[in-house]
Amino acid sequence: MISDAASSVVAERAPDGTVRSGAPVLSADHLVKRFFGQTVLDRVSLSLQAGEIRALLGENGAGKSTLINLLSGALQPDDGAIRLDGCPLALARPLDALRLGISTIRQEFSLFDDLSVKESLFAGNLPVTRFGLVDWRRMEARAVEALARLGFAIDPDRTVADLSVAERQLVEIARALTHRSRVVIMDEPTASLSPAEVERLKAIVRQLAEDGIAILCVSHRLEEVVDLCDAYTVLRDGRAVAEGKIADVTGEVLARLMVGRAIDSGRVGSQAAAGRVVFEARGLSAASDAPGAVRDVSFSLRAGEIVGLAGIVGAGRTEIARMIFGLDPVGAGAMRLGDAPFRPRAPAQAIARGVALVPEDRQKFGVFPPLGVAENFAMPKGGQGCVGGVLDRRAERRLLAQFAATLNLRSPGADAPIATLSGGNQQKVVLARWLALAPVLLIVDEPTRGVDIAAKADVHTLLRRLAAEGIAILLISSDLPEILALSDRILTLRGGRLTGERAAAEAGEETLMQLMTGELPLHTTSARLAQA
Amino acid sequence: MTILAPLSAAAQRRPNHLAATLAKLAPAIFLVLLMILFTSLAPRFFSSLNLFNVLRQVSIYGILAVGMTFVILTRGIDLSVGSLAALTGLVAAVVAKGGADGRFVLPFVSGGLSWPFAALAAIVVGGVGGLIQGFFVARLSVPSFVVTLGGMTVFRGLALIVGNGGPISGFDEAFGWWGRGMIGPAPVPVIVFVVVAVLAGFVLSATRYGRAVYAVGSNPEAARLCGLNISGVLASVYALTGLAAGLGGFLLASRLNSAEAVAGAQYEMTVIAAVVIGGTSLYGGRGGIGGTVIGVLLIGVLLNGLVILNVSPYVQQLLIGAIIVGAVTFDVFVKGRVR
């Protein structure tokens with residue numbers, strides 16, 4: 001259900017082909033990108049004027065990263081055109097974009113840990129003498145110049161690995177400057193910065209814009225977007241659904257535009273009346289003191305309850321799961337499981353107490369690619385139904401067969417390498433692995449990421465059933481409709497702290513989005529409206 | 001298999017399965033072809049006398065290769081096995097003789113102990129040497145290549161110290177039986193190799209521990225999340241290669257009727273080659289004892305056949321090197337297809 005306010009913004013979207021005042025520096029014209037037949041970007045158009053700071057908004061999976069990859073030459077569009085000053089570009093690789101003055105500052109940094117700052121600044125673009133050797137003197141001078149322009153006093157000879165995250169971010173920006181960029185694309189530039197650093201970064205970005213550089217900024221933090229950007233483009237499900245001037249909208253409207261679709265009416269929650277408290281965390285803090293690390297988190301889980309943990313990437317969701325599972329050390333606070341204190345030092349201890357974790361990155365943490373389906377299934381503690389350390393493969397297969405039926409698992413056979421299964425079926429095997437242990441507390445982190453729709457529905461059905469059987473489930477997901485459809489209660493996290501708790505029945509995507517991205521400073525927004 | 005829903009016909013025809021099956025069978029096919037080739041060129045290659053000769057030649061390599069298979073399955077490497085075999089051979093010799101041929105004498109055991117003590121001493125020293133290396137790899141996260149490269153030199157140095165630079169030779173008959181004796185037509189070391197291989201094959205394929213070895217090798221992070229003791233498994237595989245080196249060292253001393261510090265030189269290269277040619281992936285998690293046995297036989301047959309055909313030893317080196325690179329290239333290629 002899109003409200004009137006939202007649709008009016010959609011209507012304001014400039015009709016295609018309309019030339020706006022001041023020709024754009026960079027424009028994307030009806031870009032299309034497909035992966036394996038699935039359209040992830042559908043005729044997306046966007047333009048950047050010199051000196052403009054444009055926000056690119058959208059939920060996880062809306063297509064922001066793909067669009068950035070196309071603009072920076074990391075991917076090539078299947079259709080549509082990218083134009084610089086009106087001339088179509090064929091960007092075959094990132095270096096092409098860089099040479100044309102389009103710099104991209106990515107979330108995962110593209111610096112080189114073992115090189116010095118100045119070498120990193122000029123990687124791929126080293127100044128050379130007329131003999132083809134590296135011109136260290138010119139490199140040094142230009143590095144100092146670029147860093148000074150940012151008001152950033154740092155020794156260009158320092159090694160990148162020694163820099164703080166914020167410093168690296170600044171080096172990335174300096175790198176963009178050394179390339180004499182005309183367009184700078186920033187992917188979540190503030191995700192790992194402290195508030196003071198964010199302010200400094202904002203000042204620098206404004207300075208760049210004043211110098212005539214066009215900036216495209218991806219951010220989840222609406223507060224910042226409203227404060228920093230002049231214009232916005234909202235992506236949803238691979239389409240550009242709205243664009244306009246920030247001054248014309250409120251953060252609330254932006255949140256609604258990002259979420260967009262009508263709230264899933266299939267909200268069921270688990271029917272079982274929540275039972276006794278199974279798990280409790282009180283004042284839980286991470287041992288790490290990095291900004292954004294988990295701080296003072298308290299919550300409880302009851303038997304038969306699904307509790308959603310919502311937050312943007314980096315808000316601390318996975319970190320909480322890792323602490324409960326004994327993967328990361330707990331800095332402060334206490335946990336209880338059942339009737340006893342709980343402080344696992346290794347996953348084996350958590351497993352022994354009946355805790356199971358289905359991890360977020362299946363390839364990295366979940367499956368053993370060369371091993372067979374049955375072996376992957378029976379991996380916890382090394383095997384199912386062992387007698388004296390000897391495996392009972394028959395018992396394992398019987399158990400797998402039971403779960404294969406309930407999970408609707410499709411596999412070429414129990415011996416086939418799990419790598420030959422689809423993502424959804426791999427995920428089912430990983431889920432079945434833990435269900436076979438009959439856990440008390442099940443933590444699922446992004447259970448349906450990269451899973452097709454049918455498998456997703458299977459996983460949802462299964463989670464509901466497990467809750468009905470009395471398992472307490474902590475559901476971590478970036479997919480808000482998923483959280484809303486499954487959870488009884490929803491906790492929101494932001495920057496490592498709990499920002500709210502809502503019964504699913506009274507939570508909406510917009511409320512959650514606001515809790516996740518920060519309470520909107522309404523006075524700022526209205527002030528801007530008044531100015532306009 | 002009725003328990004799992006069948007795949008569509010199209011999915012079943014994936015080339016992945018074909019490539020994977022081919023990869024598994026390739027070393028065996030190559031071995032058979034090689035044997036046919038040698039037999040046709042020199043019929044006496046295929047006599048039982050010569051074949052047992054091949055087996056005897058490879059049995060010590062084979063025992064070391066069985067241990068090495070565990071290490072490589074966990075993405076590691078152990079370069080120290082040859083040196084450790086030399087050291088443990090000397091340990092066995094010193095225990096058996098009660099000293100080192102007049103250079104020094106062990107206290108309390110004047111005249112030496114019988115072979116069980118000698119063998120046990122060799123195996124224990126091997127196991128401890130391996131475990132120390134395992135500790136560095138597992139608990140201190142030092143790359144196995146570096147740890148065992150150091151171990152290779154350290155053990156060789158210890159061997160020189162123990163033997164004081166010279167050989168220790170001349171053992172009693174019972175000691176010598178293990179390396180030179182026969183049971184029926186079969187040389188004793190061959191039987192020891194078979195027993196070790198069968199035992200290790202069982203451990204790897206049918207026990208919780210074996211599965212943990214594969215798990216740690218194929219995805220250590222996921223293995224940790226499954227509650228497996230990663231550093232325990234890692235340390236143990238180096239202890240196992242150490243035990244195998246101890247057994248190999250004892251057999252080598254017995255067969256040669258002499259132990260010396262330069263014994264077993266470059267065994268590690270032959271052993272690693274055998275494991276890799278046998279299809280155990282250097283990327284961990286794939287392979288097994290069956291392949292290693294084939295790999296060991298392949299190297300044995302190749303060396304023996306080339307000698308029978310009077311091929312220059314220089315060319316032998318070249319061929320083995322080429323086969324190693326070929327086998328690993330094949331492995332990488334198949335891995336690309338299966339993933």
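A quick note: this is a predicted structure, and the numbers were derived from the prediction, not measured.

**Q** Outline the overall build of chain B, supporting the account with residue identities and numerical values.
**A** When helices and strands are tallied, chain B shows 14 helices and 4 strands. Here chain B holds 339 residues, and the buried ones make up 50% of them. Pairs at least 24 apart in sequence give 80% of the contacts found in chain B among residues at least 6 apart.

**Q** How would you summarise the overall build of chain A if you had to cite specific residues and measurements?
**A** Each helix and strand counted, chain A has 19 helices and 20 strands in total. Evaluated residue by residue, chain A yields a buried proportion of 48% over its 532 residues. A separation threshold of at least 6 residues defines the contact pool for chain A, and within that pool the share at least 24 residues apart is 71%.

**Q** So what's going on with the sheet that holds strand S1 (residues 26-35) of chain A? Residues and values would help.
**A** All names here are of chain A. An order of S2-S1-S4-S5 is seen for the 4 strands of this open sheet, with the pairing classed as antiparallel. For this open sheet the edge positions go to strand S2 (38-48) and strand S5 (87-89), each flanked by a neighbour on one side alone. The average undirected angle you get between the axes of adjacent strands in this sheet is 35°. With 3 bridges joining them, strand S4 (residues 79-84) and S5 adopt antiparallel strand pairing. Each bridged residue has a counterpart across the sheet, and for Ile82 the counterpart in S5 is Leu89.

**Q** I'd like to hear about the sheet that holds strand S18 (residues 472-476) of chain A, residue by residue, with values.
**A** All names here are of chain A. If you walk across this open sheet you meet the 6 strands as S16-S17-S18-S13-S19-S20, and the pairing is mixed. One side of each edge strand has no neighbouring strand; the edge strands of this open sheet are strand S16 (355-358) and strand S20 (497-503). Each adjacent strand pair in this sheet contributes to an overall mean axis angle of 20°, direction not counted. The pairing of strand S19 (residues 489-494) with S20 spans 6 bridges and is antiparallel. Among the inter-strand pairings, Ile490 is bridged to a residue of S20, identified as Arg502. Running over the sheet, helix H18 (residues 509-517) touches strand S13 (306-310), S19 and S20 and is turned about 30° from S19.

**Q** Can you explain the packing of helix H3 (residues 48-73) of chain B against helix H13 (residues 289-308) of chain B? Please cite residues and give values.
**A** All names here are of chain B. Close contact between H3 and H13 brings their axes to 8 Å; oriented N to C, the two are set at 140°. Considering the angle they form, H3 stands oblique to H13. Crossing hand, H3 versus H13: right-handed. Across the interface between the two elements, Asn50, Asn53, Val54, Gln57, Val58, Tyr61, Gly62, Ala65, Val66 and Thr69 of H3 pack against Ile289, Thr292, Val293, Gly295, Val296, Leu297, Ile299, Gly300, Val301 and Asn304 of H13. Partitioned by chemical class, the residues of the contact of H3 with H13 number 11 nonpolar, 9 polar and no charged.

**Q** Lay out the domain arrangement of chain A with the relevant residues and their values.
**A** For chain A, the assigned domains are domain 1 (1-14 + 28-101 + 181-194 + 204-262), domain 2 (111-180), domain 3 (263-354 + 439-516) and domain 4 (361-437). For domain 2 of chain A versus domain 3 of chain A, the separation of C-alpha centres amounts to 42 Å.

**Q** Requested: an account of H3 of chain B, with residues and values cited.
**A** At Ser59 of chain B, H3 of chain B is bent by approximately 45°, the largest bend along its length. Just past H3 of chain B, the residue Arg75 of chain B takes up positive phi, approximately 70°.

**Q** Quick rundown of the confidence of the model for chain B? Include the residues and the values.
**A** Residues and elements named next belong to chain B. Scored by pLDDT, chain B has a mean of 87; 90% of the residues are at 70 or more. Of the regions scoring below 50 in pLDDT, residues 1-15 engages in 18 contacts with residues more than four places distant in sequence or in other chains. The ipTM assigned to the predicted complex is 0.80, against a pTM of 0.75.

**Q** Would you mind going over helix H7 (residues 173-180) of chain B in detail, with residue names and values included?
**A** Residue and element names in this part refer to chain B. For H7, every residue scored as buried is listed here: Phe175, Trp178 and Gly179. For H7, the angular spread of buried residues about the axis comes to 90°, placing them on one side. For H7, the secondary structure elements touched by its buried residues are helix H4 (81-97), helix H5 (115-138), helix H8 (188-206) and helix H11 (230-256).

**Q** Report on the nonpolar core, specifying residues and quantitative values.
**A** Membership of the largest hydrophobic core comes to 257 residues, with the highest contact counts inside it found for Ile215, Leu254 and Ile473 of chain A together with Leu64, Leu90 and Ala92 of chain B. In terms of residues, this core owes the most to one element, H11 of chain B, which gives 15 residues. With residues up to four places along the chain from it excluded, the contact list for Ile215 of chain A reads Ile53, Arg54, Val184, Met186, Val205, Leu208 and Ala209 of chain A.

**Q** Which residues make up unusual backbone geometry, and what are the values?
**A** The bulk of non-glycine residues show a negative phi, and the bulk of peptide bonds are trans. Even without being a glycine, Asp85 of chain A presents a positive backbone phi close to 50°. Here Asp85 of chain A lies in the loop between S4 and S5.

**Q** Account for the environment of Pro143 of chain B, naming residues and giving values.
**A** Residue and element names in this part refer to chain B. Relative to the assigned elements, Pro143 resides in the loop between H5 and helix H6 (144-163). Residue Pro143 is classed as exposed on the basis of its 12 C-beta neighbours within 10 Å. A C-alpha to C-alpha distance of 8.0 Å links Pro143 and Gly76, two positions 67 residues apart in sequence.

**Q** Talk me through the packing of H4 of chain B against H11 of chain B; I want residue IDs and the actual numbers.
**A** Residue and element names in this part refer to chain B. Interhelical geometry of H4 versus H11 gives an angle of 55° and a closest axis separation of 7 Å. Judged by the inter-axis angle, H4 sits oblique to H11. Every pair of crossing elements has a handedness; the one defined by H4 and H11 is right-handed. Here Val81, Leu84, Ala85, Ala86, Leu87, Thr88, Gly89, Ala92 and Ala93 of H4 come into contact with H11, specifically with Thr241, Gly242, Ala245, Gly246, Gly248, Gly249, Phe250, Leu252 and Ala253.

**Q** Mind laying out the environment of Val253 of chain A, listing which residues take part and the relevant values?
**A** Mapped onto the elements of the fold, Val253 of chain A is located in helix H9 (residues 251-259). When the C-alpha atoms of Val253 of chain A and Glu510 of chain A are compared, they prove to be 9.1 Å apart, with 257 residues separating the residues in sequence.

**Q** If you had to explain the confidence of the model for chain A to someone new, which residues and values would you point to?
**A** Residues and elements named next belong to chain A. Summary statistics for chain A give a mean pLDDT of 80 and a share of 85% for residues scoring 70 or more. The low-confidence segment residues 1-21, where pLDDT is below 50, has 21 contacts with residues more than four positions distant or belonging to other chains. Low confidence marks residues 262-272, where pLDDT is under 50. Its contacts with residues over four positions away, or in another chain, come to 30 contacts.

Scoring rules and cut-offs
- Residues numbered from 1 in each chain as written.
- Chains lettered and ligands numbered in written order.
- Predicted model: local features only at pLDDT ≥ 70, side-chain atom pairs only at ≥ 80, totals over all residues.
- Helix = DSSP H or I, 4+ residues; strand = E, 2+ residues; numbered from the N terminus.
- Buried ≥ 20, exposed ≤ 12 C-beta atoms within 10 Å, placed from the backbone.
- Contact = placed C-beta atoms within 7 Å.
- Pairing = 2+ DSSP bridges.
- Axes fitted to C-alpha atoms, helices over the stretch in contact; angles between N-to-C directions.
- Parallel < 35°, antiparallel > 145°, perpendicular 65-115°, else oblique.
- Left-handed = near helix turned anticlockwise from the far one by under 90°.
- Nonpolar A, V, L, I, M, F, W, Y, C, P; charged D, E, K, R; others polar.
- Domains from an automatic or database assignment.
- Bend = angle between axes of the 7 residues up to and from the residue.
- pLDDT = per-residue confidence, 0-100.
- Arc of directions from axis to C-beta.
- Core = buried A, V, L, I, M, F, W, Y, C linked by C-beta atoms within 7 Å.

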